[in-house]
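Structure assessment
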Amino acid sequence: MNTACAQGPTKKEKAMQELPKTVVEVPQGWEIATLGAGCFWCTEAIYQNLKGIEQVRSGYSGGHIPNPSYKQVTSGTTGHAEVIQFYYDPSTISFEEILEIFWSTHDPTTLNRQGADVGPQYRSAVFFHSEDQKALAEFYKKKLDESGAFNKPIVTEITPFNNFYVAEDYHQNYYNDNGMQPYCQFVIRPKLEKFKKAFAEKLK
């Protein structure tokens, strides 16, 4: 019996292995997280406010094009998700708490969309940097599904981190610099205010 197929990597595993790789340098005593939860402007505004989190950067992860532009990513053809990446101090905020906030501040049951933002670049995703992060993300995803916290199954992608490309300068610190823009007023601000009420004790 030919078992070669069973022993080789799956198509998905092979595709992951072939993705461009970027190196992550983490300061001593800190850890790193990379999360996709729809438009990175909203996600960045939330995580910038948390104690124990520093250097929140918006960017692109999980795709097959090195150094993509925003225009390329929004075409939905590069495989990248809009993400934020940041350092966190595990003695101040745990990865479990980061995941709790992640799943509480977007809809993880809609495939490749958040609200009016539609496309694979807006997918819900945890790009894990360690086996611990992978195990925690899978555990809490299963636990949330079983609890009935959402009325539909969670579709969050939990995959190994391969690459992160920092988005263009005008995407960084977007809400703080452009708070009066209609998108900020009508989409980000209500989300941010709701988050601040729910997680008041974790705010800077």
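Residues numbered from 1 in each chain as written. Predicted model: local features only at pLDDT ≥ 70, side-chain atom pairs only at ≥ 80, totals over all residues. Heavy atoms only, no water.

Topic: the UniProt feature "active site" (unreviewed entry) in the chain
In the numbering used here, UniProt assigns the "active site" (unreviewed entry) feature to Cys39. Position of Cys39 relative to the elements: it lies in the loop between strand S1 (31–37) and helix H3 (40–47). Apart from residues lying up to four places away in sequence, Cys39 is in contact with Glu82, Asp117, Tyr122 and Tyr183. (UniProt positions renumbered as here; feature names shortened; annotations may be inferred. Helix = DSSP H or I, 4+ residues; strand = E, 2+ residues; numbered from the N terminus. Contact = heavy atoms within 4.5 Å.)

What about the packing of H3 against helix H8 (residues 182–198)?
Their axes nearest at 10 Å, the elements H3 and H8 cross at an angle of 35 degrees. Taken as a pair, H3 and H8 cross one another with a handedness that is right-handed. On H8, the residues touching Trp41, Cys42, Ala45 and Ile46 of H3 are Tyr183, Val187, Ile188, Lys191, Leu192 and Phe195. Residue composition of the contact of H3 with H8, grouped by class: nine nonpolar, no polar and one charged. (Axes fitted to C-alpha atoms, helices over the stretch in contact; angles between N-to-C directions. Left-handed = near helix turned anticlockwise from the far one by under 90°. Nonpolar A, V, L, I, M, F, W, Y, C, P; charged D, E, K, R; others polar.)

Brief notes about the nonpolar core
Counting 39 residues, the largest nonpolar core has Tyr47, Ile53, Phe86 and Ile98 as the members making the most contacts within it. Where this core is concerned, the elements lending two or more residues are S1, H3, strand S2 (53–61), strand S3 (81–88), helix H5 (95–104), strand S6 (124–128), helix H7 (174–177) and H8. With sequence-adjacent residues up to four places away left out, Ile53 is seen in contact with Tyr47, Phe86, Tyr87, Tyr88, Ile93, Ile98 and Lys204. (Core = buried A, V, L, I, M, F, W, Y, C linked by side-chain atoms within 4.5 Å. Buried < 20%, exposed > 50% of the residue type's maximum accessible area, 1.4 Å probe, protein only.)

Topic: the side chain of His106
In this fold, His106 is placed in the loop between H5 and strand S4 (113–114). Take His106: its relative accessible area is 7%, and that puts it in the buried class. Among the polar contacts listed, one links the side chain of His106 to the backbone oxygen of Phe102, at a separation of 2.7 Å. One polar contact links His106 to Ser124, side chain to side chain, over a distance of 2.8 Å. For His106, the contacting residues outside a window of four places in its chain are Gly36, Ala37, Gln114, Ser124 and Lys191. (Polar contact = N/O pair within 3.5 Å; in protein donor to acceptor, adjacent residues only side chain to side chain.)

A closer look at the UniProt feature "domain: Peptide methionine sulphoxide reductase MsrA" (unreviewed entry) in the chain
The positions that UniProt labels "domain: Peptide methionine sulphoxide reductase MsrA" (unreviewed entry) are, in the present scheme, residues 33–185. Annotated as 31% helix and 25% strand, the span residues 33–185 places its first and last C-alpha atoms 27 Å apart.

Description of unusual backbone geometry
Of note, the phi angle at Gln55 is positive, near 55 degrees, even though the residue is not glycine. Relative to the helices and strands, Gln55 is located in strand S2. Although it is not a glycine, Asn67 adopts a positive phi angle of roughly 50 degrees. Counting through the fold element by element, Asn67 comes out in the loop between S2 and helix H4 (70–74). Among the residues examined, Asn67 registers a relative accessible area of 62% and is labelled exposed.

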